[in-house]
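Commentary on secondary and tertiary structure
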Amino acid sequence: MGSLAAITEVLGIAVSPTTWTAAGVVVILVLVALSGFFSSSEIAMFSLAKHRIDALYEEGVEHAGTVKELKSDPHRLLVTILVGNNLVNIAMSSIATALLGYYLTQGQAVFAATFGITALVLLFGEIAPKSYAVEHTEDWALSVASPLSLTERVLYPLVVFFDVISRYVITITGGHAAIETSYVTRDEIQNLIKTGEREGVIEADERQMLQRIFRFNNTIAKEVMTPRLDVTAVAAEDSIEEAIQTCTQSGHERVPVYESDLDTVIGIVQLRDLVREHLYSENGAATLRDLIEPTLHVPESKNVDELLQEMQEERVGMVIVIDEFGTTEGLITTEDIIEEIVGEILEGEEERPVDRVDDNTVMVRGEVNIEEVNDALDIDLPEGEEFETIAGFIFNRAGRLVQEGEVFTYEDIELRAEKVEDTRIMKARVTKHEDEEALPDTDSTNVEAL
């Protein structure tokens, strides 16, 4: 009662307690609405991704420019929202205490105002507004942009003061304004892809392609190339007819040309050029050397994404991969690189590189990358510095030449050399056993130390 009487006396007007109470309740309701405005604004503005703001701005959406301007200094925006919200909440508590003081003792008024306003703010100033902002982030951010901009101008002295002070405090405490460097990481995007598949938004094959794209810029030429043992080539001194025969028998549209051996590749020839020269040449005097096209020699450690760009710029469809000593290790075609993203492109009777036998078993070609096997069975076979393929893993596990039918284990994974030709593992069977299944220790080679 004393508080209202004092206010009435200061103003010099006679106002009944009922009128003061009604006016106070109206003001509190307005302040609750403002509290909800600031709380929901914080959620909406800081949940809206930067790339989406840029897109809205480029599309010319109304108020998108204001949103972009506010988000250009996220720290000041946060200070504006927090200053406004705290002023509103403090004013709300003060008015409620003054009103209740007319009907209750001072202690009771403070107690009732504290818990009453807390309940109001939680329900109508925090929970409900923030829930709405989460569900309508984009629309609400656009709606509150102009009022927030006005608030920043009205509260400018306070905003500047607390902005400077808070930055200073952050600096002397050894922190940094992380809000200003908000971004989405690769891991977060990959987790979103996995979540999308679980929720049915993304198909399994789409998820696999997206994951291949993320691995693409970490893939090197050695992981993609056709190894030297599988390379089909022709000698520079061969005739055009012999080169045509080599291409048709191997099923390749282009092959490298060498002078003395594969370590001296001087270019490539294409089957179409060979056939055209053989069938339609007027004088028939051309030789294989006349049809050679230049190619690139790249180190085995070159990133595949850079290599693809270089192949596009140089307009070559095949490159030769060499090691640190200049020895030919293999070759890469444009198709090999594309398959790193879209998956294996099979032709005719060609077998799948990873053929699923059942939920826990796959048959894989020896040259298949370990990552593909891990993805197929959801396992974690390690890669070493000296190998990336399943055949390399088995050889490293054995520490010697492998015989057909031999079985090796790694943790709960069983690997069987299904087909061996000479010294090469052509095909392997990989089986994932359940945790409760005991596997015999068929080999003691320590792969985990790699």
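See the structure above.
Attention now moves to the nonpolar core. Formed by 28 residues in total, the largest nonpolar core has its most connected members in Ile28, Met45, Val67, Met92 and Leu148. Taken together, the elements giving at least two residues each to this core come down to α2 (17-47), α3 (50-58), α4 (64-71), α5 (74-100), α6 (106-135) and α7 (137-154). Tallying contributions element by element places α2 first for this core, with seven residues. With residues near it in sequence (within four places) discarded, Met92 still touches Ile28, Leu31, Val32, Ser35, Ile117 and Val121.

We now examine the packing of aromatic side chains. Within this structure, the stated rule accounts for five aromatic pairs. Look at Phe37 and Phe38: their rings are 5.1 Å apart centre to centre, the planes differ by 65°, and that puts the pair in the edge-to-face class. The exposure classification of Phe37 matches that of Phe38, with both residues buried. Judged by centre distance (5.8 Å) and plane angle (90°), the rings of Phe393 and Tyr410 are edge-to-face. Here the residue Phe393 occupies a position in helix α17 (residues 390-398), and Tyr410 occupies one in strand β10 (residues 407-410), the gap between them amounting to 17 residues. Accessibility assignment for this pair places Phe393 and Tyr410 in one class, buried.

This paragraph deals with the pairing of strand β5 (residues 296-299). Only one face of β5 is buried, namely the one carrying Leu296 and Val298, since none of His297 and Pro299 on the opposite face is buried. Handedness of the β-α-β unit built from β5, helix α14 (residues 304-314) and strand β6 (residues 318-322) comes out right-handed.

This part covers α17. For α17, the buried fraction is high: seven of the nine residues fall into the buried class. Residues of α17 that are buried include every one of Ile390, Ala391, Gly392, Phe393, Ile394, Arg397 and Ala398, and no others. Positive phi appears at Gly399, one or two residues downstream of α17, with a value of about 75°.

Let's shift gears to the pattern of salt bridges. Counted according to the given criterion, the structure contains 18 salt bridges. The partner of Asp163 in a salt bridge is Arg167, and the shortest N-O contact between them spans 2.9 Å. In this pair, Asp163 and Arg167 both sit in helix α8 (residues 156-172), four residues apart, roughly one turn of the helix. The closest approach of N and O atoms between Arg276 and Asp273, which form a salt bridge, is 2.9 Å. Linking Arg276 with Asp273, this pair stays in helix α13 (residues 271-280), spanning three residues, or about one helical turn. A relative accessible area of 14% means that Asp273 is categorised as buried. Connected via shared salt-bridge partners are Asp73, Arg76, Asp163 and Arg167.

Rules behind the numbers
- Residues numbered from 1 in each chain as written.
- Predicted model: local features only at pLDDT ≥ 70, side-chain atom pairs only at ≥ 80, totals over all residues.
- Heavy atoms only, no water.
- Core = buried A, V, L, I, M, F, W, Y, C linked by side-chain atoms within 4.5 Å.
- Buried < 20%, exposed > 50% of the residue type's maximum accessible area, 1.4 Å probe, protein only.
- Helix = DSSP H or I, 4+ residues; strand = E, 2+ residues; numbered from the N terminus.
- Contact = heavy atoms within 4.5 Å.
- Phe/Tyr/Trp six-rings, centres within 6.5 Å; stacked < 30°, edge-to-face > 60°.
- Right-handed = clockwise from strand over helix to strand, strands pointing away.
- Salt bridge = Lys/Arg side-chain N within 4 Å of Asp/Glu carboxyl O.

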